[in-house]
Amino acid sequence: MDPYARLEVDGKQYELPIVVGTEQERAIDITKLRGQSGLITLDPGYKNTGSCESAITFLNGEQGILRYRGYPIEELAEGSSYLEVAYLLIRGELPTRTQLDAWVEGVRYHTMVHEDLRQLYAAFPKAAHPMATCSAVVAALSTFYPEDLNPVDPAQVHASIERLLGKFPTITAYSYKHSIGQPFLYPSNRLSYVENFLRLMFGTPCEDYEPDPVVARALDMLLILHADHEQNCSTSTVRIAGSSRANLFASISAGISALWGPRHGGANQQVVEMLEAIDHEGLTGKQFVEQAKAHDDTSRLNGFGHRVYKNYDPRARIIKQAATDVLERLGVTSRLLEIAVDLERIALSDEYFIERKLYPNVDFYSGVIFKALGIPTPSFTAMFAMGRMAGWIAQWLEYHQEPGNAISRPRQIYTGPTERRFVPIDER
Ligand code: CMC
């Protein structure tokens, strides 16, 4: 007999099936619970709730394991490229050489944005945050491709996937160029995905721009590390938006907004601002770590802690090493990296962090390396979005390919007033 959990309420028993994943994770399947018992479950923040079954990314937070489609993140970071990983996440298998060439060609063909879309930037203030601009411009892509928005038409969805992957680096670079008042370059399709982005960010029409291969390789690896992370806040947002049958651009735009917050992708910017503040204010690592224990959202140790990892985030380990290597290869030292390493050492031996199993997460060292690579601080989270684009798309597609998928619509336990009579305004 298949395993089940037994629930007893008001003397009545309900048997709930146990679902087992390929990595032996177990869940109680409550899909029929309300129909049978009238009860719902309550789990604010979804700390115990699986929202779907997924074959894309496996994460074991206790052991610090992360795999895309079964492949360890360490091996992909070492030997793959971002567009190859995007193919793996979206299509499910590693591509052959011919498949990869066709995939890269398809994405590359779409790097340019519509001339009228470029005009949109002029409407944004120079100080606009890149995440606001990117979210708005991605939403605006829906206005340029009305004939390709049907979320259940594979050919139309494919066109949107190539457009998103192709155009997002351009959109990100333009959000920076606009902020500093420099002209927008057109993409150069002779360059690789990341080299093209670097040129759009840092090139000008006045001079040739040759991307530094050390910088390009490091950035490509960072995109791989950010490419997916199962049902995190922004990915869940993308799936939920998609469940209403909103088009892919609209769903991803919602995901970009969700990623922006400091508890999620926005933490990479917060970390570097925190390290700079520690440096400017002359605080010691110990003093700052003490402040971070204050149970006050404004004084948390940014880049530490994770809903799922109760161990070292494997991405943070790779990024820490990469930050050290890249700085060495570029021949620069980083005061921020020194402060970060010191904070990590102090926090990891502090009872407060040990007890709560708080370790560095992906954002703790990523800002340091982005900064070393020349990325401006306000654009850090847009870099995260550029990497996560592949995962968002893969997860959105997986949702749409699920037979009988339903709109995401959680329920609630109402705690407001019970029925009462309306009182006209003059009688109140
Ligand atoms: N500094 C100090 N205390 C912390 C921190 C931190 N960074 N993170 C968690 N805690 C404490 C928290 O106060 C709570 O203590 P207590 O049990 O005494 O009330 C306990 O640890 C558990 O924290 P939580 O907030 O209930 O955990 P959560 O799973 O709801 O939140 C988190 C996870 C990532 C939002 C949180 O750890 C955090 O705010 N970290 C800092 C922001 C950050 O680095 N975010 C990036 C997350 S990883 C990449 C990404 O998703 O983008």
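Parameters at a glance
Residues numbered from 1 in each chain as written. Predicted model: local features only at pLDDT ≥ 70, side-chain atom pairs only at ≥ 80, totals over all residues. Heavy atoms only, no water. Pairing = 2+ DSSP bridges. Helix = DSSP H or I, 4+ residues; strand = E, 2+ residues; numbered from the N terminus. Axes fitted to C-alpha atoms, helices over the stretch in contact; angles between N-to-C directions. 1 Å grid on protein atoms, 1.4 Å probe; cavity = no way out; pocket = protein on both sides within 12 Å on 5 of 7 lines; lining within 4 Å. Points joined across faces, edges and corners; volume = space filled by probe spheres on them. Nonpolar A, V, L, I, M, F, W, Y, C, P; charged D, E, K, R; others polar. Near = heavy atom within 4 Å. Polar contact = N/O pair within 3.5 Å; in protein donor to acceptor, adjacent residues only side chain to side chain. Areas by Shrake-Rupley, 256 points an atom, 1.4 Å probe, with all protein chains shown as cover. Core = buried A, V, L, I, M, F, W, Y, C linked by side-chain atoms within 4.5 Å. Buried < 20%, exposed > 50% of the residue type's maximum accessible area, 1.4 Å probe, protein only. Contact = heavy atoms within 4.5 Å. Salt bridge = Lys/Arg side-chain N within 4 Å of Asp/Glu carboxyl O. Parallel < 35°, antiparallel > 145°, perpendicular 65-115°, else oblique.

What about the sheet that holds strand S1 (residues 4-9)?
Pairing is antiparallel in the open sheet, where 3 strands are placed in the order S1-S2-S3. Bordering the open sheet on either side are S1 and strand S3 (26-28), each of which pairs with just one other strand. On average, each strand axis in the sheet is tilted by 30° relative to the strand beside it, whichever way the strands run.

Digging into the sheet that holds strand S6 (residues 71-72)
The 3 strands lie next to each other as S4-S5-S6, forming an open sheet whose pairing is antiparallel. Both outer strands of the open sheet, strand S4 (57-60) and S6, are each paired with one neighbouring strand and no more.

Some remarks on empty space enclosed by the protein
Summed over the entire model, instances satisfying the criterion amount to 1 cavity of 30 Å³ or more. Looking at the largest cavity, its volume works out to about 60 Å³. Every residue along the wall of the largest cavity is listed here: Leu83, Val104, Val107, Arg108, Thr111, Asn189, Leu191, Ser192, Tyr193 and Asn196. Breaking the lining of the largest cavity down by element, the ones donating at least two residues are helix H4 (97-108) and helix H8 (193-202). Sort the elements by how many residues they give to the lining of the largest cavity and H4 lands first, with 3 residues. When its residues are assigned to classes, the lining of the largest cavity shows 5 nonpolar, 4 polar and 1 charged.

Section: the site of the ligand
Near the ligand there are 22 residues, and of these His264, His295, Arg300, Leu301 and Arg307 occur at the shortest range. In the model, an oxygen atom of the ligand is placed 2.8 Å from a nitrogen or oxygen of the His264 side chain. Within the complex, 78% of the 930 Å² of free accessible area of the ligand lies under protein. Its residues placed into classes, the shell around the ligand shows 9 nonpolar, 7 polar and 6 charged.

Section: the nonpolar core
Grouped together as the largest cluster of nonpolar side chains are 112 residues, with contacts concentrated most on Tyr68, Tyr82, Leu165, Leu219, Ile252 and Leu343. At 13 residues, the largest contribution of residues to this core is made by helix H18 (residues 380-401). Not counting chain neighbours up to four residues away, the residues in contact with Tyr82 comprise Leu165, Tyr193, Asp220, Leu223, Ile224, Ala227, Met386, Gly387, Met389 and Ala390.

Observations concerning the pairing of strand S2 (residues 12-20)
One ladder, built from 6 bridges, connects S1 with S2; its direction is antiparallel. Looking at the pairing, Arg6 lines up with Glu15 of S2. Bridging between S2 and S3 involves 3 bridges; their strand directions are antiparallel. Its bridge partner lying in S3, Ile18 is registered against Ile28. Linkage of S2 to S3, two consecutive antiparallel strands, is achieved through a turn of 5 residues, within which Gln24 is found at a positive phi near 65°.

Here's the deal with the layout of surface pockets
Each pocket or cavity is described by its volume, and for the second largest pocket that value is around 350 Å³. Around the second largest pocket sit 13 residues that line it, and Glu78, Arg217, Met221, Ala322 and Asp325 are the ones nearest its centre. Residue assignment for the lining of the second largest pocket shows that the elements contributing at least two residues are helix H2 (73-79), helix H9 (213-225) and helix H14 (314-330). Of the residues forming the lining of the second largest pocket, the biggest block, 6 residues, is contributed by H14. Class assignment for the residues of the lining of the second largest pocket results in 7 nonpolar, 1 polar and 5 charged.

Comments concerning the pattern of salt bridges
Summed over all chains, the structure comprises 17 salt bridges. As a salt-bridge pair, Arg97 and Asp101 come within 3.9 Å of each other at their nearest N and O atoms. With a gap of 4 residues between them, Arg97 and Asp101 both fall in helix H4, about one helical turn apart. For Arg97, a relative accessible area of 63% translates into the label exposed. Residue Asp313 pairs with Arg315 through a salt bridge whose shortest N-O separation is 2.7 Å.

Let's talk about the environment of Ile407
Tracing the sequence through the fold places Ile407 in the segment after H18. For Ile407 and Ser244, which are 163 residues apart along the polypeptide, the C-alpha to C-alpha distance reads 5.6 Å. With near-sequence residues (within four places) excluded, Ile407 lies in contact with Ser243, Ser244 and Tyr399.

Quick word on the packing of helix H12 (residues 267-281) against helix H15 (residues 335-348)
Two elements in contact, H12 and H15, have axes whose closest approach is 10 Å; the angle formed by their N-to-C orientations is 95°. The angle between H12 and H15 falls in the class roughly perpendicular. From H12, Val272, Met274, Leu275, Glu276, Ile278 and Asp279 reach across to H15, where they touch Arg335, Leu336, Ile339, Ala340 and Leu343. Taken together, the residues of the contact of H12 with H15 sort by class into 8 nonpolar, no polar and 3 charged.

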